[in-house]
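Single-letter residue listing:
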Amino acid sequence: MRALRPLIPVLFLLFATVAQATHNRAGEIIVCWTGQGLIYEATIITHTKLSAPADRPELTLFWGDGTSSVVPRVVPAEDFPDQDLRRNRYIATHEYAGPGSFILKFDDQNRNGGVVNVPNSISQSFCVETNLVIDPLGGNNCSVRFLNPPIQDACYQQPWIHNSVAFDPDGDSLSYEPVICLGLNCAPIGGYQFPNQVNGSSGASYSIDPVDGTIFWLNPQVLGEYNIAFRVHEWRFVNGDWRQMGWVTRDMQVTVRPCSNQPPVIAQLADTCIEAGTFLTFDVQASDPNTGQEITLNALGQPFVLTNSPATFVSPSPAQNVTGVFSWQTNCGHVRLQPYQVVFNAVDNDSEVQLQDYQSMNITVVAPAPQNPSATPVGNTIELDWEPSICTNANGYLIYRRSGLYGFDPDHCETGVPAYTGYTLLASVSGLNNTGYTDQNGLVIGNQYCYMVVATFPDGAQSYASVEFCAILDRQVPVITHVSVGITDAVAGIDTVRWSNAYDLDTNARPGPYRFKLFRGPGYTTANTLVYTSGLHPFLSHPDTFFLDQGIDTRNEAHVYRVLFLGNGGVDTIGYSSPASSVFINTVPNDEQITVQWTLNTPWTNSLYEIYRDIGGTWTLVGTSTTNTYTDTLLVNGQQYCYRVRSIGAYSDPAIVAPLHNFSQETCDRPVDLTPPCPPTVVLDNDCEVPLNTLTWNNPNETCADDTYQYRIYYADSLGAPFVLIAAVVGAENTVFTHVNNSSVAGCYQVTALDTLGNESPFVVGVCGDNCPLYTLPNIFTPNGDRVNDYFVPFPYRGVRSIDMQVFSRWGTVVFETTDPAILWNGTLQNDGEPVPDGVYFYACTVHYARLTGTETVVLKGYVHIAGSGSNSPVN
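Scope of this entry: the structure provided in the associated data block. Here the structure is a predicted model, which is why all the values come from computation and not from measurement.

Thresholds applied
Residues numbered from 1 in each chain as written. Predicted model: local features only at pLDDT ≥ 70, side-chain atom pairs only at ≥ 80, totals over all residues. Heavy atoms only, no water. Helix = DSSP H or I, 4+ residues; strand = E, 2+ residues; numbered from the N terminus. Rg over C-alpha atoms; globule rule 2.2 N^0.38 Å. Contact = heavy atoms within 4.5 Å. Areas by Shrake-Rupley, 256 points an atom, 1.4 Å probe, with all protein chains shown as cover. Lys, Arg positive; Asp, Glu negative; His and termini not counted. Charge placed at Lys NZ, Arg CZ, Asp CG, Glu CD. Disulfide = S-S within 2.5 Å. Buried < 20%, exposed > 50% of the residue type's maximum accessible area, 1.4 Å probe, protein only. 1 Å grid on protein atoms, 1.4 Å probe; cavity = no way out; pocket = protein on both sides within 12 Å on 5 of 7 lines; lining within 4 Å. Points joined across faces, edges and corners; volume = space filled by probe spheres on them. Nonpolar A, V, L, I, M, F, W, Y, C, P; charged D, E, K, R; others polar. Salt bridge = Lys/Arg side-chain N within 4 Å of Asp/Glu carboxyl O. Pairing = 2+ DSSP bridges. Axes fitted to C-alpha atoms, helices over the stretch in contact; angles between N-to-C directions. Polar contact = N/O pair within 3.5 Å; in protein donor to acceptor, adjacent residues only side chain to side chain. Patch = residues over 30% accessible without salt bridge, like charges linked within 9 Å, V, L, I, M, F, W, Y side chains within 5 Å. Phe/Tyr/Trp six-rings, centres within 6.5 Å; stacked < 30°, edge-to-face > 60°. Lys NZ or Arg CZ within 6 Å of the ring centre and 35° of its normal.

### Observations regarding the overall build of the protein chain
Here is step 1 of the chain: Each helix and strand in the protein chain was counted, giving one helix and 60 strands.
Here is step 2 of the chain: In terms of overall size, the protein chain is more extended than a compact globule, its C-alpha atoms giving a radius of gyration of 43 Å where 876 residues would be expected to give roughly 29 Å.
Here is step 3 of the chain: In terms of its C-alpha atoms, the protein chain occupies a principal-axis envelope of roughly 120 × 105 × 60 Å.
Here is step 4 of the chain: For the protein chain, restricting intrachain contacts to residue pairs at least 6 apart in sequence, the fraction spanning at least 24 positions comes to 67%.
Here is step 5 of the chain: Summing over all exposed atoms, the protein chain offers an accessible surface of approximately 38600 Å²; the carbon and sulfur share of this is 51%.
Here is step 6 of the chain: The averaged location of the 82 negative side-chain charges in the protein chain is 4 Å from the averaged location of its 39 positive side-chain charges.

Have a look at this one:
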């Protein structure tokens with residue numbers, strides 16, 4: 001049984017009984033490239049009141065380039081008498097002179113009357129705009145279009161949900177925003193209110209999902225007709241950046257009617273991805289909470305309007321609980337970067353207001369992975385091959401590489417090669433049939449190299465990644481496995497160097513006997529100094545693969561080595577090994593800690609480092625690291641600590657001995673307190689009337705330090721001025737300081753904390769105060785020597801940096817001048833002892849105030865009367 005109908009605002013009585021004139025209810029402009037030059041076709045779509053006397057067989061369209069066209073209506077118009085609705089279309093073409101951004105619009109008198117949220121709607125023009133971007137980089141452009149009509153009723157105090165089902169024929173990404181309805185000349189209508197802002201709508205909310213475009217009005221509180229507008233932006237990924245390709249504004253009408261209905265509900269749907277060529281099918285369920293009501297379930301979206309293998313939706317017969325079936329045979333023509341939005345719509349059959357629910361989901365069609373890839377070592381390169389993508393619209397491939405196999409198992413929506421796999425982009429090739437690549441980029445013999453290939457598409461879409469495929473370069477040259485410091489010394493240091501034989505060498509093409517030459521160099525990359533030559537050996541399994549490099553400086557520098565392999569009795573050069581260096585460490589002391597850092601260059605991968613400290617003559621493991629740094633803590637300042645590091649690594653070729661252990665040199669250091677206290681938190685009490693600045697701050701010893709003993713106070717007299725040290729406060733407990741700069745309290749302060757070793761905390765954002773300057777002058781003084789009012793001086797003043805004052809007689813003669821703010825004129829000529837006559841004197845005083853932003857200048861002009869000076873001689 002239905003609930004009793006709720007009380008309804010009186011506004012509905014007017015709405016229900018008054019017939020409103022004129023006609024425009026909803027509309028938009030869509031535009032699309034015709035395929036020829038710069039010719040575009042625009043379509044104005046309007047929805048008007050069928051019962052209104054006004055009708056428009058033609059409209060004027062402004063193309064946004066200073067031109068316009070009178071556009072006739074496509075005949076016949078579509079009429080919907082049960083909705084008092086006529087759908088009109090006006091189509092025209094236009095050729096633009098060149099690229100640019102153009103605002104297309106039409107402006108038609110008038111809107112229909114009685115629209116609740118549009119003031120005096122019957123007198124308001126109806127105007128909508130569309131932005132067309134013609135961009136040589138972005139390519140051809142067609143605007144958004146809508147699959148769902150812009151007229152939908154709402155039920156009083158029930159959720160209203162709407163989705164316009166917008167799609168872009170170019171596959172551009174879309175975003176949505178609410179906008180104000182436009183009136184005459186497409187200016188925003190003054191006084192327009194969003195539906196939840198109308199009087200009586202307390203507690204209602206109104207929003208649009210910026211991603212899928214679903215509009216939610218929860219819940220309408222006032223009956224009547226409303227107009228809302230929203231803008232759909234198009235975005236295209238061009239040359240690595242998102243470019244806006246235009247937007248379309250839709251203005252639509254919602255009628256809130258009285259009813260006791262509740263909307264149907266569609267079960268939640270998850271986004272999905274599907275490989276092109278796969279058949280996708282799933283069920284969609286909906287139900288209605290009102291007993292006895294039936295719902296109709298439909299589907300909208302671009303997949304249903306495709307000319308190439310469109311999707312289908314089997315709508316069930318109306319019932320209270322229904323299940324529909326979505327089906328889509330995808331193919332390569334559907335592959336694109338942006339997902340396809342599908343919107344499911346459930347409508348009930350209430351006799352008063354048919355309420356609706358929408359559920360949207362995204363379907364991304366992904367191209368299959370390139371098939372049958374292979375990697376073949378050829379000399380010191382690796383040849384890569386794969387089959388062309390089965391999607392002939394692919395325009396190239398991305399090739400990724402890493403050392404060693406990862407074991408990538410992508411999710412069904414994971415396209416391309418994600419960075420977390422450790423693969424990096426090696427190269428890209430263009431063309432569907434360009435299915436080979438020679439990798440000769442920094443390959444190291446002894447490592448396994450693995451690859452994945454991804455097909456690319458013109459809009460930036462990527463296929464699933466191929467399977468991982470790997471290869472190992474043939475060992476046709478030696479492979480260094482050991483560069484370890486045996487003795488640390490500046491003169492008598494020793495490095496131990498080992499290498500393996502070139503076991504994969506073609507001995508028929510490269511006959512023996514064979515010989516090694518070992519080269520050394522300082523640092524990590526270049527080894528050109530010959531330090532060892534082996535004897536000749538007839539076979540590849542040369543026994544001489546070890547050398548102790550003695551009498552070198554291992555304390556102060558690293559050494560790098562490479563091995564030259566010679567054949568044919570040591571005459572023919574076969575090739576060099578990759579360079580490999582020793583591990584070289586340095587230390588950074590700090591308060592009760594030492595940070596050990598190391599540098600090395602090896603052709604193998606080091607996965608772990610062990611840090612050893614000399615404890616009582618025994619090298620003891622104190623920590624491990626997977627990076628090139630380690631901090632040893634809880635040390636005693638001033639005590640010496642010695643360290644060495646052992647690297648642990650391996651080539652990715654399982655045939656090479658592993659793990660590889662190599663030691664650094666030994667180095668020693670002493671921890672020292674280099675860490676300053678944390679910066680004090682300063683509070684400024686800026687009393688500009690006293691004037692006095694009082695600084696207070698916290699004691700760092702109570703939070704972040706234990707050895708603060710002094711503070712330094714720095715001052716800058718204005719913003720941007722340099723800070724100057726003005727005071728030092730000894731004692732961590734003394735956290736108050738007062739200051740005034742003459743009579744000025746304008747300026748900024750920094751307070752730093754120092755510890756017992758002189759470490760000073762850094763500057764932070766200073767605290768600043770300003771003056772409230774005051775400078776006024778009396779109008780009389782009596783320089784008669786009675787010590788009362790004998791001087792011309794200002795009243796108590798503050799915030800004055802300097803003045804420039806001149807005092808004139810009535811004949812214009814300067815009788816006194818000063819730059820001292822205190823003035824102290826005793827009534828004599830230039831203060832030289834000769835009194836000026838009694839009378840009235842004019843002064844001009846330029847006052848320079850000290851302000852936080854710099855000097856502020858004001859000019860004071862006035863008169864001062866001198867009485868009792870004792871002189872009757874005029875001043876000329």
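### Considerations on the state of the cysteines
Throughout this description, disulfide means a covalent bond between two cysteine sulfur atoms.
Here is step 1 of the chain: Tallied over the entire structure, the rule returns ten disulfides.
Here is step 2 of the chain: Here C155 pairs with C259 through a disulfide, and the sulfurs are 1.5 Å apart. With C155 in strand 10 (residues 151-155) and C259 in the loop between strand 17 (241-257) and strand 18 (265-266), this residue pair connects regions lying 104 residues apart in the sequence. This pair shows no difference in class: C155 is buried, exactly as C259 is.
Here is step 3 of the chain: Here C332 connects covalently by a disulfide to C391, the sulfurs 2.0 Å from one another. The chirality of the disulfide connecting C332 with C391 is left-handed, given an S-S dihedral of about -70°. Here C391 lies in the loop between strand 27 (381-385) and strand 28 (396-403) and C332 lies in the loop between strand 23 (321-329) and strand 24 (340-348), a separation of 59 residues in the sequence.

### Topic: the layout of surface pockets
Where empty space is left becomes clear once a probe the size of a water molecule has been rolled over the atoms.
Here is step 1 of the chain: One number sums up the size of the largest pocket: a volume of about 570 Å³.
Here is step 2 of the chain: In terms of lining residues, the largest pocket is bounded by 23 residues, among which Q83, I151, Q152, D153 and Q354 are the most central.
Here is step 3 of the chain: At the level of elements, strand 2 (39-49), strand 6 (85-95), strand 10, strand 17, strand 24 and strand 25 (356-366) are the ones that each hand at least two residues to the lining of the largest pocket.
Here is step 4 of the chain: Top contributing element to the lining of the largest pocket by residue count: strand 10, with three residues.

### Some words on empty space enclosed by the protein
Here is step 1 of the chain: This model, assessed by the stated rule, comprises one cavity of 30 Å³ or more.
Here is step 2 of the chain: Along the lines of polarity and charge, the residues of the lining of the largest cavity split into five nonpolar, two polar and one charged.

### Observations regarding the pattern of salt bridges
Here is step 1 of the chain: Counted according to the given criterion, the structure contains 21 salt bridges.
Here is step 2 of the chain: One salt bridge in this structure joins E28 and R250, with 2.9 Å as the shortest N-O distance. Residue E28 is found in strand 1 (residues 24-33), and its partner R250 is found in strand 17; the two are separated by 222 residues along the sequence.
Here is step 3 of the chain: Given the relative accessible area of 2%, R250 is considered buried.
Here is step 4 of the chain: For D717, the salt bridge goes to R801, with nearest N and O atoms at 3.9 Å. Here R801 lies in strand 57 (residues 800-808) and D717 lies in the loop between strand 51 (708-716) and strand 52 (724-730), a separation of 84 residues in the sequence.
Here is step 5 of the chain: The network of salt bridges with common partners includes D55, R73, D79 and R86.

### Structural notes on the environment of F663
Here is step 1 of the chain: For F663, the position within the fold is in strand 47 (residues 660-663).
Here is step 2 of the chain: As a C-alpha pair, F663 and V583 span 80 residues in sequence and 6.5 Å in three-dimensional space.
Here is step 3 of the chain: In this structure F663 touches V483, S484, V485, Y612, R644, V645 and R646, once residues within four positions along its chain are discounted.

### Some points on the pairing of strand 49 (residues 682-687)
A regular strand places its side chains so that they alternate between the two faces of the sheet.
Here is step 1 of the chain: Pairing analysis gives six bridges linking strand 49 to strand 50 (residues 692-697), with the strands arranged antiparallel. For L684, the partnering residue across the bridge sits in strand 50 and is L695.
Here is step 2 of the chain: If you look at the hairpin formed by strand 49 and strand 50, you'll find four residues sitting between the two strands.

### Some thoughts on the sheet that holds strand 42 (residues 593-599)
Here is step 1 of the chain: Spatial strand order, 41-42-45: three strands in an open sheet with antiparallel pairing. Looking at the sheet topology across the chains shown, the edges are occupied by strand 41 (584-590) and strand 45 (629-632). Neighbour to neighbour, the strand axes of the sheet diverge by 20° on average, direction disregarded.
Here is step 2 of the chain: Note that strand 42 and strand 45 share four bridges and pair antiparallel.

### Digging into the side chain of D168
Here is step 1 of the chain: Examined against the element boundaries, D168 turns out to sit in the loop between strand 12 (166-167) and strand 13 (173-179).
Here is step 2 of the chain: For the buried D168, no salt bridge is present, and the opposite-charge side chain at shortest range is R236, 5.0 Å distant.
Here is step 3 of the chain: Of note is the side chain of D168, whose polar atom sits 2.7 Å from the backbone nitrogen of D170.
Here is step 4 of the chain: Among the polar contacts made by the side chain of D168, one reaches the main-chain amide nitrogen of D172 at a distance of 3.5 Å.
Here is step 5 of the chain: If near-sequence neighbours (up to four positions away) are discounted, D168 is found in contact with C142, S143, V144, L174, E234, Q302 and R336.

### Examining a nonpolar patch on the surface
Here is step 1 of the chain: Among the surface-exposed residues, W235, F237 and W242 lie close enough to one another that they form a single nonpolar patch of about 290 Å² accessible area.
Here is step 2 of the chain: Along the chain, F237 falls in strand 16 (residues 224-238).
Here is step 3 of the chain: Since its relative accessible area comes to 35%, F237 is described here as partly exposed.

### A short note on the packing of aromatic side chains
Here is step 1 of the chain: The full count for this structure, using the stated rule, is 40 aromatic pairs.
Here is step 2 of the chain: Relative to F547, the ring of Y532 has its centre 4.8 Å away and its plane inclined at 25°; by these criteria the two rings are stacked. Of the two residues, Y532 is situated in strand 36 (residues 529-533) and F547 in strand 37 (residues 546-552); the sequence distance between them amounts to 15 residues. Of the two residues examined, Y532 and F547, each falls in the buried class.
Here is step 3 of the chain: Members of the aromatic cluster, each reached through a chain of ring pairs, are F781, F792, F816, W825, Y841 and Y843.
Here is step 4 of the chain: The side chain of R250 reaches across the aromatic face of F146, ending 4.3 Å from its centre.
Here is step 5 of the chain: Stacked on the ring of F519, the Lys or Arg R562 has its end atom at 5.8 Å from the ring centre.

### Quick word on the sheet that holds strand 22 (residues 312-314)
Here is step 1 of the chain: Pairing is antiparallel in the open sheet, where four strands are placed in the order 18-20-23-22. The strands lining the two open edges of the sheet, one partner per strand, are strand 18 and strand 22.
Here is step 2 of the chain: Both strand 20 (residues 279-287) and strand 23 contribute to a ladder of nine bridges, which runs antiparallel. In the sheet register, S287 faces strand 23, and the bridge partner there is N321.

In short, shape yes, function no, at least from these values alone.
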